[in-house]
Amino acid sequence: MDQAEKMKMPHRGGKPEVYETIEPVQMFDDLFFVGNQRQGIFILKTSEGLVLMDATDDVDACEEMLEPGLKALGLDGEKICALLITHGHLDHYLGAPGIREKYGCPVGMSPADTAYMSWSHENMGPHKPQVLPRVDRLLRPGDVLAYGDHTVEILDGAGHTPGCLNFAFDVHDHGEKHHAVMMGGYGIFGPGRYHDGPYPYGVQWSVDQALLYASTCVRLWEHCKEKGADVFFNPHPHLCDLLKHAEENKNRKDGEPNAYVIGLEGVRKWIEDRFNASLESVQAFTDVQKPVE
């Protein structure tokens, strides 16, 4: 990352190389990824056009990631139907205004996080861009959005943020259908576990959110059992082995399984990890179980 890049995005931390744009990935006949090792944009190809999911932390994501990625994937002539955002943290929505302006596509987010992104401490501060997308469609758990031959089901994922969403949709591998879930959140913030200094919302808020997150993990798992989900994604590629599976698929021979198809048990393990983390967080955020000295 050069000096100009650092000035444009001073909110980025960690190793600069993880933010370098990677080669676009085709995961299924109708699902693609463009971005870097930390975050990116998922692209669902439907008979009506493309549905984008999340918009990265780069205000120039449209020019720097999406447009080159679409061209490399042979999708640059496709209509963009919508941009769906999992939640209101800046690393998921900063690119949305540019994408909306370029393609005229509606932006969807939950009502709670449409408000949350405008006041949350995670998005505020002198080192963070004050760029908010216009939200054209409020998404609520239970909504089923139809785009030609595909649907995207909106599921409750609250707890990572108050209105975090999970998405569920079918994908195809050489014509064979699989059911995928995208878990919008991952970590649980609270006292002692916050990247921007002292936790600003207090013990009760953090415990309530962690318990809520455990509950929505259960809801997601119930959906997965009902639908037979065998594919799992997270908007952050390093939190769903996206790049690992991409490498595995490079050597895939005809008739061999797609590495992204991990089975219902594989999906369960990812959700179980987050369920256990949320329950552990409840205990970590409060001293109610510790005797008074």
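Just above sits the structure.
Note that the structure is a prediction, hence the values are computed from the model and not measured.

Draft legend 1. Representation of the pairing of strand β11 (residues 176-182) in the model. The element β11 is largely enclosed, with a buried count of 5 among its 7 residues. Here strand β10 (residues 165-173) runs beside β11; their pairing, made up of 7 bridges, is antiparallel. From the neighbouring strand, A168 faces β11, where its bridge partner is V181. The hairpin turn running from β10 into β11, its antiparallel successor, is 2 residues long, and H174 in that turn takes a positive phi close to 50°. Inspection of the sheet shows β11 paired to strand β12 (residues 231-233) by 3 bridges, in the parallel sense. Counterpart to V181 in the pairing with β12 is F232. Taking the sense of rotation as the criterion, the β-α-β connection linking β11, helix α6 (residues 202-227) and β12 turns out right-handed.

Draft legend 2. View of the state of the cysteines. Overall, the coordinates contain 0 disulfides when judged by the stated rule. With no disulfide of its own, C81 lies closest to C105 among cysteine sulfurs, the gap being 9.0 Å. Just so you know, C224 is unpaired, no disulfide at all, and the nearest cysteine sulfur is the one on C217, 10 Å from it. You can call C224 buried: its relative accessible area is 0%.

Draft legend 3. Molecular detail of the environment of Y93. You can see Y93 is positioned in helix α3 (residues 90-93). For Y93, a relative accessible area of 0% translates into the label buried. Linking Y93 and V107, residues 14 residues apart in sequence, is a C-alpha distance of 9.7 Å. Each residue touching Y93, except ones within four places of it in the same chain, is listed here: A55, T56, I85, G88, M109, M117, N123, V131, L132 and P133.

Draft legend 4. Fine view of the sheet that holds β11. On the basis of which strands lie adjacent, the open sheet formed by 5 strands has the order β8-β9-β10-β11-β12 and mixed pairing. Of all the strands in the sheet, just β8 (144-147) and β12 have a single pairing partner and so form its edges. Between one strand and the next, the sheet's axes are offset by a mean angle of 25°, whatever the strand orientation.

Draft legend 5. Region of the structure containing the side chain of D54. Residue placement: D54 occurs in the loop between β4 (50-53) and α2 (61-73). One buried charge, D54, has no salt-bridge partner; the nearest side chain with opposite charge is R38, at 13 Å. A polar side-chain atom of D54 sits 2.7 Å from the main-chain amide nitrogen of T86. Of the polar contacts made by the side chain of D54, one reaches the side chain of H92; its length is 2.6 Å. Aside from chain neighbours lying at most four places away, what touches D54 is G40, I41, L83, L84, I85, T86, H92 and P235.

Draft legend 6. Geometry of the packing of aromatic side chains. Per the counting criterion, the structure on display carries 12 aromatic pairs. Measuring from ring centre to ring centre gives 5.1 Å for Y116 and W119, while their planes differ by 85°; the resulting arrangement is edge-to-face. With a gap of 3 residues between them, Y116 and W119 both fall in helix α5 (residues 111-119), about one helical turn apart. The exposure class of Y116 is buried, given its relative accessible area of 2%. A relative accessible area of 43% places W119 in the partly exposed class. Consider the rings of F232 and W270, whose centres lie 5.3 Å apart with planes at 5°: the pair is stacked. One end of the pair, F232, is in strand β12; the other, W270, is in helix α8 (residues 263-285), with 38 residues separating them in the sequence. For F232, a relative accessible area of 4% gives the class buried. Members of the aromatic cluster, connected to one another through ring pairs, are Y116, W119, F189, Y194, Y199, Y201 and W205. The aromatic ring of Y186 is capped on one face by R274, whose charged end is 3.8 Å from the ring centroid.

Draft legend 7. Focus on the layout of surface pockets. In this model, the largest pocket occupies a volume close to 690 Å³. Surrounding the largest pocket, 30 residues form its lining, R38, D91, F189, H195 and H236 being those nearest its centre. Counted by class, the lining of the largest pocket contains 6 nonpolar, 16 polar and 8 charged residues. A volume near 430 Å³ is recorded for the second largest pocket. Take the lining of the second largest pocket: its biggest share by element is 5 residues, from helix α7 (residues 242-250). Each residue belonging to the lining of the second largest pocket can be placed in one class, and the counts come to 8 nonpolar, 5 polar and 9 charged.

Draft legend 8. Layout of empty space enclosed by the protein. In total, this model carries 1 cavity of 30 Å³ or more according to the counting rule given. For the largest cavity, the calculated volume is near 80 Å³. Lining the largest cavity are Y116, E122, G159, H160, T161, P162, F189, Y199, Y201, W205, S206 and Q209. Among the elements that make up the lining of the largest cavity, the one with the highest residue count is α6 (3 residues). Across the lining of the largest cavity, the residue classes tally to 6 nonpolar, 5 polar and 1 charged.

The rules we used
- The numbering scheme is per chain: residues are counted from 1 as the chain's sequence reads.
- Local features in this predicted model are restricted to residues whose pLDDT is 70 or higher, and side-chain atom pairs enter the listing and the counts only when it is 80 or higher, whereas totals over whole chains, interfaces and linings include all residues.
- Each side-chain value is worked out from all heavy atoms of the structure, with water and hydrogens disregarded.
- Only protein chains enter the calculation, and the probe is 1.4 Å; a residue is then buried if its accessible area is under 20% of its type maximum, exposed if over 50%, and partly exposed in between.
- Under the DSSP-based scheme used, a helix requires at least four consecutive residues in state H or I and a strand at least two consecutive residues in state E, with every element numbered from the N terminus.
- Should DSSP find at least two bridges between two strands, the strands are regarded as paired.
- The definition of a right-handed crossover adopted here requires that, viewed with the strands pointing away, the path from the first strand over the helix to the second runs clockwise.
- Cysteine sulfur atoms are paired as a disulfide whenever they come within 2.5 Å of each other.
- Any two residues having at least one pair of non-hydrogen atoms within 4.5 Å are treated as being in contact.
- Between the N-to-C directions of two axes lies an angle of 0 to 180 degrees, each axis being a line fitted to C-alpha atoms and, for a helix, fitted only over the stretch in contact.
- Within this scheme the basic residues Lys and Arg register as positive and the acidic residues Asp and Glu register as negative, but His and the chain ends are omitted.
- Here, a salt bridge means any Lys or Arg side-chain nitrogen found within 4 Å of an Asp or Glu carboxyl oxygen.
- N or O atoms within 3.5 Å of each other form a polar contact, as long as, within protein, one can give a hydrogen and the other can take it, and as long as residues adjacent in sequence are counted only when both atoms are side-chain atoms.
- Paired rings are identified among Phe, Tyr and Trp, the last through its six-membered ring, by centres lying within 6.5 Å, and are further divided according to the angle between planes into stacked (under 30 degrees), edge-to-face (over 60) and tilted (the rest).
- In this scheme, the term charge over a ring applies when either NZ of a lysine or CZ of an arginine sits within 6 Å of the ring centre and within 35 degrees of the ring normal.
- The definitions used throughout rest on a 1 Å grid laid over the protein atoms alone, on which a cavity is an enclosed set of points accommodating a 1.4 Å probe that cannot get out and a pocket is an open set flanked by protein within 12 Å on both sides along at least five of seven lines; lining residues are those having an atom within 4 Å of a point.
- Grid points are joined across faces, edges and corners, and a volume is the space filled by probe spheres set on the points.
- All amino acids are sorted into three groups, where Ala, Val, Leu, Ile, Met, Phe, Trp, Tyr, Cys and Pro are nonpolar, Asp, Glu, Lys and Arg are charged, and the leftover types, Gly among them, are polar.

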